[in-house]
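# Structural description and commentary
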Amino acid sequence: MRFSKAQAWGRKVPVMPRRPHALTFALALIAGVPSALHAQPEDAEHRADRLRTIELNRGAQGVVNRRDRSNADVRMANRKAMERYEKQRAAWREQVQACRSGDWGACERR
């Protein structure tokens, strides 16, 4: 095993030899290229199954889209209710602060 220049500084860092791995590269290249020999033409039954799957997926996507629109309406209603609540709470806090500072008219319940 060889050591790099770092050995001169007291560190022993092993260095891998820098030889090209031609066989590994060639195998990776061959594995990445689809083979035309294995390609099979699509028969009528497979095509019908594929088209039916596409149709089912579109239908399912429609259901999901309707659900999401419905949820958006609920989220909007919740957001408006929360804003209303925050305004009421802010008004109540102002009333409490006024009461504590001596405005006795603010101490009455409304």
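This is a predicted model, so every value here is computed, not measured. (Residues numbered from 1 in each chain as written. Predicted model: local features only at pLDDT ≥ 70, side-chain atom pairs only at ≥ 80, totals over all residues. Heavy atoms only, no water.)

### Brief notes about the overall build of the chain
The helix and strand tally for the chain stands at two helices and two strands. What you see in the chain, going N to C, is helices and strands ordered as β-β-α-α. Counting the 110 residues in the chain, one finds 3% classified as buried. About 10,900 Å² of surface is accessible on the chain, with carbon and sulfur atoms providing 58% of the total. (Helix = DSSP H or I, 4+ residues; strand = E, 2+ residues; numbered from the N terminus. Buried < 20%, exposed > 50% of the residue type's maximum accessible area, 1.4 Å probe, protein only. Areas by Shrake-Rupley, 256 points an atom, 1.4 Å probe, with all protein chains shown as cover.)

### Notes on the confidence of the model for the chain
With 65% of its residues at a pLDDT of 70 or more, the chain shows a mean pLDDT of 81. Per-element averaging of pLDDT across the chain places strand β1 (residues 2-3) at the bottom with 56 and helix α2 (residues 44-100) at the top with 94. (pLDDT = per-residue confidence, 0-100.)

### Looking at the pattern of salt bridges
Summed over all chains, the structure comprises four salt bridges. Between Arg 52 and Glu 55 there is a salt bridge, with its nearest N and O atoms 3.3 Å apart. Here Arg 52 pairs with Glu 55, and both are found in helix α2, just three residues apart, close to one helical turn. Judged by relative accessible area, Arg 52 falls into the partly exposed class, the value being 45%. For Glu 55, a relative accessible area of 49% puts it in the partly exposed group. (Salt bridge = Lys/Arg side-chain N within 4 Å of Asp/Glu carboxyl O.)

### Points about the side chain of Gln 95
When you line up the elements, Gln 95 lands in helix α2. Of the polar contacts made by the side chain of Gln 95, one reaches the backbone oxygen of Ala 106; its length is 2.9 Å. (Polar contact = N/O pair within 3.5 Å; in protein donor to acceptor, adjacent residues only side chain to side chain.)

### Some details on α2
One turn of an α-helix holds 3.6 residues; hence residues three or four places apart share an orientation. Given a rise of 1.5 Å per residue, 57 residues ought to cover 84 Å, and the 82 Å separating the end C-alpha atoms of α2 matches this to within 8%. Phi turns positive, to about 110°, at Gly 102, one or two residues after α2. (Expected span 1.5 Å × (residues − 1).)

### Some thoughts on the environment of Thr 53
Turning to its location among the elements, Thr 53 is positioned in helix α2. A distance of 2.9 Å separates a polar side-chain atom of Thr 53 from the backbone oxygen of Asp 49.

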